[in-house]
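Letter by letter, the chains look like this.
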Amino acid sequence: MTCQILVINPGATSTKIAIFRDDEQIMQEVVEHSVDDLAEFSNLLDQQPYRKKLILDALELAGIDVSSFDAVVGRGGMLAPMPGGTYEVNDDMIETVRAARYGEHASNLGCILAREFAAMSGCGAYIVDAVSTDELTPEARISGMPGLVRPSLFHALNHKAVARQVASEMGMRYEDARFIVAHLGSGISVGAHIGGRVVDVFDPMNEGAFSADRSGSLPVRFLINLCYSGKYSHREMLKKNNGDGGLAGYTGTKDLRTAWDMARAGDEKTHTILKAMAYQIAKDIGAMAAVCAGKIDCIILTGGMAHSPSLMELILERVSFLAPVRMMPGEEEMRSLAMGALRILRGEEGAKRYVLASS
(Lines give C-alpha, C1' and ligand atoms only; values in the text may rest on other atoms or scores of the structure.)
Protein backbone atom coordinates (compact mmCIF):
# COMPACT_ATOMS: atom_id res chain seq x y z
CA MET A 1 0.00 0.00 0.00
CA THR A 2 1.35 3.42 -1.01
CA CYS A 3 1.31 6.09 1.69
CA GLN A 4 0.86 9.76 0.82
CA ILE A 5 2.23 12.21 3.37
CA LEU A 6 1.87 16.00 3.59
CA VAL A 7 4.77 17.82 5.27
CA ILE A 8 4.36 21.35 6.67
CA ASN A 9 7.37 23.34 7.90
CA PRO A 10 6.53 26.91 9.03
CA GLY A 11 9.49 29.25 9.29
CA ALA A 12 9.95 32.89 10.23
CA THR A 13 9.80 34.12 6.62
CA SER A 14 8.39 31.13 4.72
CA THR A 15 6.11 28.13 4.86
CA LYS A 16 7.56 25.02 3.21
CA ILE A 17 5.30 22.19 2.13
CA ALA A 18 6.10 18.87 0.51
CA ILE A 19 4.27 15.71 -0.49
CA PHE A 20 5.82 12.25 -0.31
CA ARG A 21 4.55 8.99 -1.72
CA ASP A 22 6.30 6.54 0.54
CA ASP A 23 9.92 7.75 0.48
CA GLU A 24 9.68 9.60 -2.85
CA GLN A 25 9.11 13.35 -2.81
CA ILE A 26 6.63 14.28 -5.52
CA MET A 27 6.12 17.95 -4.72
CA GLN A 28 7.78 20.75 -2.80
CA GLU A 29 6.74 24.37 -2.52
CA VAL A 30 8.31 27.22 -0.57
CA VAL A 31 5.90 30.10 0.04
CA GLU A 32 7.84 33.22 1.02
CA HIS A 33 6.39 35.77 3.46
CA SER A 34 7.56 39.37 3.26
CA VAL A 35 7.75 41.67 6.26
CA ASP A 36 4.69 43.47 4.90
CA ASP A 37 2.77 40.18 4.57
CA LEU A 38 3.23 39.44 8.26
CA ALA A 39 3.02 43.00 9.58
CA GLU A 40 -0.76 42.91 9.83
CA PHE A 41 -0.70 40.08 12.37
CA SER A 42 -0.31 41.12 15.99
CA ASN A 43 1.04 37.72 17.07
CA LEU A 44 2.21 34.40 15.68
CA LEU A 45 -1.05 32.52 16.20
CA ASP A 46 -2.92 35.11 14.13
CA GLN A 47 -0.86 33.96 11.11
CA GLN A 48 -2.43 30.50 11.13
CA PRO A 49 -5.43 31.19 8.79
CA TYR A 50 -3.15 33.11 6.40
CA ARG A 51 -0.62 30.29 6.18
CA LYS A 52 -3.37 27.67 5.94
CA LYS A 53 -4.89 29.41 2.91
CA LEU A 54 -1.50 29.59 1.19
CA ILE A 55 -1.06 25.85 1.68
CA LEU A 56 -4.56 25.16 0.36
CA ASP A 57 -3.85 27.34 -2.68
CA ALA A 58 -0.57 25.51 -3.37
CA LEU A 59 -2.26 22.10 -3.14
CA GLU A 60 -5.08 23.20 -5.41
CA LEU A 61 -2.62 24.57 -7.99
CA ALA A 62 -0.78 21.24 -7.93
CA GLY A 63 -4.03 19.32 -8.34
CA ILE A 64 -3.68 17.57 -4.99
CA ASP A 65 -6.87 16.53 -3.17
CA VAL A 66 -6.70 17.78 0.44
CA SER A 67 -8.44 14.60 1.59
CA SER A 68 -5.89 12.25 0.00
CA PHE A 69 -3.28 12.04 2.76
CA ASP A 70 -2.47 9.07 4.97
CA ALA A 71 -0.57 11.28 7.40
CA VAL A 72 0.25 14.95 7.91
CA VAL A 73 3.44 15.92 9.71
CA GLY A 74 4.45 19.38 10.93
CA ARG A 75 7.70 20.80 12.23
CA GLY A 76 7.85 20.46 16.00
CA GLY A 77 7.92 23.76 17.84
CA MET A 78 8.96 24.98 21.29
CA LEU A 79 7.61 22.17 23.44
CA ALA A 80 8.46 20.66 26.80
CA PRO A 81 11.72 18.71 27.00
CA MET A 82 10.99 15.21 25.70
CA PRO A 83 12.73 12.20 24.12
CA GLY A 84 13.15 12.21 20.37
CA GLY A 85 10.81 10.36 18.04
CA THR A 86 7.51 10.80 16.23
CA TYR A 87 4.67 12.18 18.34
CA GLU A 88 0.99 12.27 17.49
CA VAL A 89 -0.41 15.78 17.79
CA ASN A 90 -2.76 15.99 20.78
CA ASP A 91 -4.54 18.60 22.88
CA ASP A 92 -1.63 18.96 25.32
CA MET A 93 0.72 19.81 22.45
CA ILE A 94 -1.67 22.35 20.96
CA GLU A 95 -2.19 23.97 24.36
CA THR A 96 1.58 24.22 24.92
CA VAL A 97 2.30 26.07 21.69
CA ARG A 98 -0.81 28.27 21.90
CA ALA A 99 0.29 29.43 25.34
CA ALA A 100 3.93 29.71 24.16
CA ARG A 101 4.93 28.00 27.41
CA TYR A 102 8.47 27.37 26.18
CA GLY A 103 8.84 30.26 23.76
CA GLU A 104 7.32 31.61 20.57
CA HIS A 105 8.62 30.53 17.18
CA ALA A 106 7.04 30.05 13.76
CA SER A 107 7.55 26.29 14.07
CA ASN A 108 4.91 26.35 16.84
CA LEU A 109 2.37 26.55 14.03
CA GLY A 110 3.55 23.20 12.68
CA CYS A 111 1.45 20.98 14.91
CA ILE A 112 -1.59 23.29 14.64
CA LEU A 113 -1.56 23.25 10.85
CA ALA A 114 -0.80 19.52 10.75
CA ARG A 115 -3.85 18.73 12.85
CA GLU A 116 -6.14 20.91 10.71
CA PHE A 117 -5.02 19.30 7.43
CA ALA A 118 -5.12 15.82 8.96
CA ALA A 119 -8.76 16.42 9.90
CA MET A 120 -9.55 16.98 6.22
CA SER A 121 -8.15 13.54 5.37
CA GLY A 122 -9.25 11.71 8.49
CA CYS A 123 -5.66 10.69 9.17
CA GLY A 124 -3.08 11.12 11.91
CA ALA A 125 -1.16 14.35 12.56
CA TYR A 126 2.44 14.13 13.80
CA ILE A 127 5.63 16.00 14.66
CA VAL A 128 9.14 14.49 14.54
CA ASP A 129 12.25 15.13 16.67
CA ALA A 130 11.34 18.59 17.92
CA VAL A 131 14.02 21.13 18.79
CA SER A 132 13.21 20.45 22.47
CA THR A 133 14.31 16.80 22.19
CA ASP A 134 15.94 15.97 25.52
CA GLU A 135 17.72 12.66 26.11
CA LEU A 136 20.59 13.88 28.29
CA THR A 137 22.02 11.65 30.98
CA PRO A 138 21.70 12.95 34.58
CA GLU A 139 25.41 13.84 34.75
CA ALA A 140 25.21 15.76 31.45
CA ARG A 141 22.60 18.10 32.94
CA ILE A 142 24.88 19.38 35.70
CA SER A 143 26.21 22.85 34.84
CA GLY A 144 28.49 23.47 37.82
CA MET A 145 26.25 26.18 39.28
CA PRO A 146 23.25 25.06 41.39
CA GLY A 147 20.06 26.43 39.88
CA LEU A 148 21.43 26.42 36.33
CA VAL A 149 20.73 23.22 34.41
CA ARG A 150 22.34 22.51 31.03
CA PRO A 151 19.51 22.54 28.46
CA SER A 152 18.97 20.27 25.48
CA LEU A 153 17.85 22.48 22.61
CA PHE A 154 19.48 21.59 19.30
CA HIS A 155 19.02 20.56 15.67
CA ALA A 156 17.48 17.23 16.68
CA LEU A 157 15.62 16.65 13.40
CA ASN A 158 18.75 16.72 11.24
CA HIS A 159 20.93 15.06 13.89
CA LYS A 160 18.65 12.04 14.08
CA ALA A 161 18.00 11.90 10.32
CA VAL A 162 21.67 11.76 9.28
CA ALA A 163 22.48 9.35 12.10
CA ARG A 164 19.75 6.97 10.95
CA GLN A 165 20.94 7.23 7.35
CA VAL A 166 24.58 6.57 8.17
CA ALA A 167 23.65 3.67 10.44
CA SER A 168 21.62 2.12 7.63
CA GLU A 169 24.48 2.57 5.15
CA MET A 170 26.85 0.94 7.66
CA GLY A 171 24.49 -2.03 7.98
CA MET A 172 23.56 -1.37 11.59
CA ARG A 173 20.62 -0.10 13.60
CA TYR A 174 20.75 3.49 14.83
CA GLU A 175 19.84 2.14 18.26
CA ASP A 176 23.06 0.07 18.26
CA ALA A 177 25.36 2.83 16.99
CA ARG A 178 27.80 5.19 18.72
CA PHE A 179 28.04 8.38 16.68
CA ILE A 180 29.21 11.94 17.12
CA VAL A 181 27.10 14.29 14.98
CA ALA A 182 28.16 17.87 14.30
CA HIS A 183 25.43 20.02 12.76
CA LEU A 184 27.20 23.02 11.24
CA GLY A 185 24.66 25.66 10.26
CA SER A 186 23.81 29.18 11.39
CA GLY A 187 24.02 27.52 14.78
CA ILE A 188 26.40 24.68 15.63
CA SER A 189 25.40 21.70 17.76
CA VAL A 190 27.65 18.72 18.43
CA GLY A 191 26.12 15.70 20.12
CA ALA A 192 26.97 12.19 21.28
CA HIS A 193 24.51 9.56 19.99
CA ILE A 194 24.63 6.34 21.99
CA GLY A 195 22.00 3.62 21.76
CA GLY A 196 19.59 5.76 19.74
CA ARG A 197 19.70 8.66 22.19
CA VAL A 198 21.54 11.99 22.17
CA VAL A 199 23.02 11.61 25.62
CA ASP A 200 24.91 14.92 25.56
CA VAL A 201 24.91 17.91 23.21
CA PHE A 202 26.22 21.46 23.02
CA ASP A 203 23.18 23.76 22.90
CA PRO A 204 23.91 26.20 20.04
CA MET A 205 22.30 29.12 21.86
CA ASN A 206 24.40 28.77 24.99
CA GLU A 207 27.65 26.88 24.55
CA GLY A 208 30.06 25.12 22.24
CA ALA A 209 31.77 26.51 19.15
CA PHE A 210 30.94 29.98 17.89
CA SER A 211 29.04 29.97 14.60
CA ALA A 212 27.84 32.37 11.90
CA ASP A 213 26.35 34.90 14.32
CA ARG A 214 26.37 33.20 17.75
CA SER A 215 29.10 33.53 20.34
CA GLY A 216 29.12 30.00 21.73
CA SER A 217 30.89 29.35 25.03
CA LEU A 218 32.43 32.47 26.57
CA PRO A 219 34.87 33.28 29.44
CA VAL A 220 32.21 33.57 32.11
CA ARG A 221 33.91 35.99 34.55
CA PHE A 222 34.67 38.45 31.75
CA LEU A 223 31.11 38.04 30.46
CA ILE A 224 29.65 38.83 33.89
CA ASN A 225 31.83 41.90 34.16
CA LEU A 226 30.73 43.05 30.70
CA CYS A 227 27.07 42.59 31.62
CA TYR A 228 27.50 44.84 34.66
CA SER A 229 29.79 47.36 33.00
CA GLY A 230 26.92 49.73 32.19
CA LYS A 231 27.94 49.80 28.53
CA TYR A 232 25.15 47.57 27.29
CA SER A 233 21.49 46.93 28.05
CA HIS A 234 20.07 43.46 28.58
CA ARG A 235 18.70 43.47 25.03
CA GLU A 236 22.04 44.61 23.61
CA MET A 237 23.91 41.83 25.40
CA LEU A 238 21.49 39.23 24.04
CA LYS A 239 22.10 40.61 20.54
CA LYS A 240 25.88 40.53 21.02
CA ASN A 241 25.56 36.86 21.94
CA ASN A 242 23.05 35.82 19.26
CA GLY A 243 22.97 37.93 16.12
CA ASP A 244 26.14 40.00 16.37
CA GLY A 245 28.45 37.32 17.71
CA GLY A 246 30.61 34.68 16.08
CA LEU A 247 31.80 35.04 12.50
CA ALA A 248 29.59 38.10 11.91
CA GLY A 249 30.97 39.93 14.93
CA TYR A 250 34.60 39.33 13.99
CA THR A 251 34.47 39.72 10.21
CA GLY A 252 31.29 41.67 9.39
CA THR A 253 29.74 38.77 7.46
CA LYS A 254 27.84 35.67 8.52
CA ASP A 255 28.24 34.10 5.07
CA LEU A 256 30.93 31.43 5.23
CA ARG A 257 31.66 31.64 1.50
CA THR A 258 32.22 35.39 1.70
CA ALA A 259 34.50 34.93 4.70
CA TRP A 260 36.64 32.38 2.84
CA ASP A 261 36.81 34.74 -0.17
CA MET A 262 38.08 37.44 2.18
CA ALA A 263 40.67 35.08 3.66
CA ARG A 264 41.90 33.95 0.24
CA ALA A 265 42.22 37.58 -0.80
CA GLY A 266 44.77 38.09 1.98
CA ASP A 267 42.63 39.03 5.00
CA GLU A 268 44.72 37.35 7.71
CA LYS A 269 42.33 38.25 10.55
CA THR A 270 39.41 36.55 8.81
CA HIS A 271 41.59 33.52 8.06
CA THR A 272 42.47 33.25 11.75
CA ILE A 273 38.80 33.49 12.74
CA LEU A 274 37.89 30.70 10.32
CA LYS A 275 40.67 28.53 11.70
CA ALA A 276 39.41 29.29 15.22
CA MET A 277 35.88 28.18 14.27
CA ALA A 278 37.20 24.87 12.94
CA TYR A 279 39.40 24.54 16.05
CA GLN A 280 36.42 25.00 18.38
CA ILE A 281 34.25 22.56 16.40
CA ALA A 282 37.04 19.98 16.66
CA LYS A 283 37.29 20.62 20.42
CA ASP A 284 33.53 19.98 20.76
CA ILE A 285 33.89 16.73 18.83
CA GLY A 286 36.78 15.77 21.10
CA ALA A 287 34.63 16.44 24.16
CA MET A 288 31.92 14.16 22.80
CA ALA A 289 34.56 11.52 22.09
CA ALA A 290 35.17 11.48 25.84
CA VAL A 291 31.41 11.13 26.43
CA CYS A 292 31.55 8.08 24.13
CA ALA A 293 34.55 6.74 26.09
CA GLY A 294 36.46 6.68 22.80
CA LYS A 295 34.16 4.02 21.33
CA ILE A 296 32.89 5.75 18.19
CA ASP A 297 31.51 4.09 15.08
CA CYS A 298 31.50 7.29 13.03
CA ILE A 299 31.78 11.09 13.20
CA ILE A 300 29.17 12.79 11.00
CA LEU A 301 29.61 16.36 9.73
CA THR A 302 26.35 17.84 8.45
CA GLY A 303 24.54 21.15 7.93
CA GLY A 304 25.13 23.96 5.45
CA MET A 305 28.74 24.66 6.43
CA ALA A 306 29.65 21.03 5.65
CA HIS A 307 29.55 22.14 1.98
CA SER A 308 32.82 24.03 2.59
CA PRO A 309 35.85 21.85 1.69
CA SER A 310 38.20 24.36 3.33
CA LEU A 311 36.40 24.23 6.68
CA MET A 312 36.04 20.44 6.51
CA GLU A 313 39.77 20.04 5.89
CA LEU A 314 40.60 22.06 8.99
CA ILE A 315 38.24 19.97 11.13
CA LEU A 316 39.36 16.64 9.66
CA GLU A 317 43.02 17.23 10.41
CA ARG A 318 42.13 17.42 14.11
CA VAL A 319 39.48 14.68 14.51
CA SER A 320 40.05 12.02 11.86
CA PHE A 321 42.24 10.00 14.24
CA LEU A 322 39.21 9.41 16.48
CA ALA A 323 36.96 7.47 14.08
CA PRO A 324 35.84 7.32 10.45
CA VAL A 325 34.30 10.62 9.32
CA ARG A 326 31.29 10.96 7.02
CA MET A 327 30.27 14.19 5.27
CA MET A 328 26.51 14.70 5.03
CA PRO A 329 26.30 18.35 3.84
CA GLY A 330 23.05 20.27 4.01
CA GLU A 331 19.92 19.12 5.75
CA GLU A 332 16.75 17.48 4.52
CA GLU A 333 14.16 18.64 7.01
CA MET A 334 11.18 17.81 4.80
CA ARG A 335 12.35 14.26 4.10
CA SER A 336 13.24 13.76 7.76
CA LEU A 337 9.73 14.76 8.82
CA ALA A 338 8.12 12.56 6.17
CA MET A 339 10.22 9.52 7.11
CA GLY A 340 9.23 9.91 10.75
CA ALA A 341 5.56 9.66 9.79
CA LEU A 342 6.26 6.84 7.31
CA ARG A 343 7.85 4.73 10.06
CA ILE A 344 4.60 5.02 11.99
CA LEU A 345 2.43 4.14 8.96
CA ARG A 346 4.58 1.09 8.25
CA GLY A 347 4.45 -0.06 11.84
CA GLU A 348 8.21 0.20 12.27
CA GLU A 349 7.72 2.18 15.47
CA GLY A 350 4.84 3.48 17.54
CA ALA A 351 3.82 7.11 17.82
CA LYS A 352 4.72 8.68 21.17
CA ARG A 353 2.34 10.69 23.34
CA TYR A 354 3.16 14.24 24.38
CA VAL A 355 2.20 15.14 27.94
CA LEU A 356 2.24 18.60 29.52
CA ALA A 357 4.98 18.94 32.12
CA SER A 358 2.34 19.86 34.74
CA SER A 359 0.10 16.88 33.89
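Our subject is the structure listed above.
Let us look at the structure shown here. (Residues numbered from 1 in each chain as written. Predicted model: local features only at pLDDT ≥ 70, side-chain atom pairs only at ≥ 80, totals over all residues. Heavy atoms only, no water.)

The next subject is the overall build of the protein chain. A tally of helices and strands in the protein chain yields 13 helices and twelve strands. Over its C-alpha trace the protein chain gives a radius of gyration of 21 Å, about what one expects of a compact globule, namely 21 Å for 359 residues. When the backbone C-alpha atoms are referred to their principal axes, the protein chain occupies close to 55 × 50 × 45 Å. For the protein chain, buried positions account for 50% of its 359 residues. Here the analysis covers contacts within the protein chain between residues at least 6 apart in sequence; of these, 68% occur between residues at least 24 apart. Of the roughly 16,900 Å² of accessible surface on the protein chain, 52% is carried by carbon and sulfur atoms. Here the protein chain contributes 36 positive and 45 negative side-chain charges, whose respective centroids are spaced 6 Å apart. (Helix = DSSP H or I, 4+ residues; strand = E, 2+ residues; numbered from the N terminus. Rg over C-alpha atoms; globule rule 2.2 N^0.38 Å. Buried < 20%, exposed > 50% of the residue type's maximum accessible area, 1.4 Å probe, protein only. Contact = heavy atoms within 4.5 Å. Areas by Shrake-Rupley, 256 points an atom, 1.4 Å probe, with all protein chains shown as cover. Lys, Arg positive; Asp, Glu negative; His and termini not counted. Charge placed at Lys NZ, Arg CZ, Asp CG, Glu CD.)

A few words now on the packing of aromatic side chains. Given two aromatic rings, their pairing is described by the distance between the two centres and the angle made by the two planes. Evaluated as defined, the whole model comprises two aromatic pairs. Aromatic pair F210 and Y250: ring centres 5.9 Å apart, planes at 55°, arrangement tilted. Within this pair, whereas F210 is found in the loop between β9 (197-201) and α7 (220-227), its partner Y250 is found in helix α9 (residues 246-251), the two being separated by 40 residues in sequence. (Phe/Tyr/Trp six-rings, centres within 6.5 Å; stacked < 30°, edge-to-face > 60°.)

Despite not being glycine, A100 shows a phi value in the positive range, around 50°. Here A100 lies in the loop between α3 (91-98) and α4 (109-121). For A293, which is not glycine, the phi torsion reads 55° and is therefore positive. Taking relative accessible area as the criterion, A293 reaches 59% and is therefore assigned exposed.

Take the packing of helix α2 (residues 48-61) against α4 next. Orientation of α2 relative to α4, taken along the N-to-C sense of each, is 50°, at an axis distance of 11 Å. For the element pair α2 / α4, the angle class is oblique. Crossing of α2 over α4 shows right-handed handedness. Facing Q48, R51, K52, I55, L56 and L59 of α2, the residues of α4 in contact are L109, I112, L113, E116, F117 and M120. When grouped by side-chain class, the residues that make up the contact of α2 with α4 number eight nonpolar, one polar and three charged. (Axes fitted to C-alpha atoms, helices over the stretch in contact; angles between N-to-C directions. Parallel < 35°, antiparallel > 145°, perpendicular 65-115°, else oblique. Left-handed = near helix turned anticlockwise from the far one by under 90°. Nonpolar A, V, L, I, M, F, W, Y, C, P; charged D, E, K, R; others polar.)

Secondary-structure assignment places T86 in strand β5 (residues 86-88). Residue classification places T86 among the buried positions, given a relative accessible area of 1%. Within the local environment of T86, its side chain forms a polar contact with the backbone oxygen of G340, the two atoms lying 3.1 Å apart. In contact with T86, other than residues within four places in its own chain, are Y126, I127, V128, G340, A341, R343, I344, E349, G350, A351 and K352. (Polar contact = N/O pair within 3.5 Å; in protein donor to acceptor, adjacent residues only side chain to side chain.)

As a further point, take the sheet that holds strand β10 (residues 298-303). On the basis of which strands lie adjacent, the open sheet formed by five strands has the order β9-β8-β7-β10-β11 and mixed pairing. A single partner strand is all that each edge strand has here, and the edge strands are β9 and β11 (325-329). The sheet shows a mean angle of 25° between the axes of neighbouring strands, direction not considered. Across seven bridges, the pairing between strand β7 (residues 178-184) and strand β8 (residues 188-194) is antiparallel. Within β8, the position partnered with A182 by the bridge is V190. The sheet contacts of helix α6 (residues 156-169) involve β7, β8, β9, β10 and β11, and relative to β7 the element is tilted by about 135°. Lying on the sheet, helix α11 (residues 268-291) is in contact with β7, β8, β9 and β10; it crosses β8 at an angle near 20°. (Pairing = 2+ DSSP bridges.)

Time to look at helix α13 (residues 333-345). Across its 13 residues, α13 extends 19 Å between first and last C-alpha, which sits within 8% of the 18 Å expected from 1.5 Å per residue. Within α13, eleven of the 13 residues are buried, which leaves the element mostly enclosed by the surrounding structure. If you check which residues of α13 are buried, you get E333, M334, S336, L337, A338, M339, G340, A341, L342, R343 and I344. Taken from the residues just after α13, G347 is the one with a positive phi, measuring 75°. (Expected span 1.5 Å × (residues − 1).)

Within the largest apolar cluster, 36 residues are counted, with the highest numbers of intra-cluster contacts made by I180, I285, L311 and I315. Those elements that place two or more of their residues in this core are β7, β8, α10 (256-264), α11, β10 and α12 (309-319). Examining the composition of this core, we find that nine residues originate from one element, α11, more than from any other. Other than its neighbours up to four places away in sequence, I315 contacts L184, A278, I281, I285 and L301. Counting residues in hydrophobic clusters, the runner-up holds 34 residues, among them I64, L79, L113 and Y354. (Core = buried A, V, L, I, M, F, W, Y, C linked by side-chain atoms within 4.5 Å.)

This part covers the packing of α3 against α4. Where α3 contacts α4, the axes come no closer than 9 Å and their chain directions differ by 135°. By the criterion of interaxial angle, the relationship of α3 to α4 is oblique. Two packed elements cross with a definite hand, and for α3 against α4 that hand is left-handed. Seen from α3, the contacting residues are D91, M93, I94, V97 and R98; seen from α4, they are C111, I112 and R115. By residue class, the composition of the contact of α3 with α4 is five nonpolar, no polar and three charged.

As for its position among the elements, G294 is in the loop between α11 and β10. For G294 and A323, which are 29 residues apart along the polypeptide, the C-alpha to C-alpha distance reads 8.8 Å.

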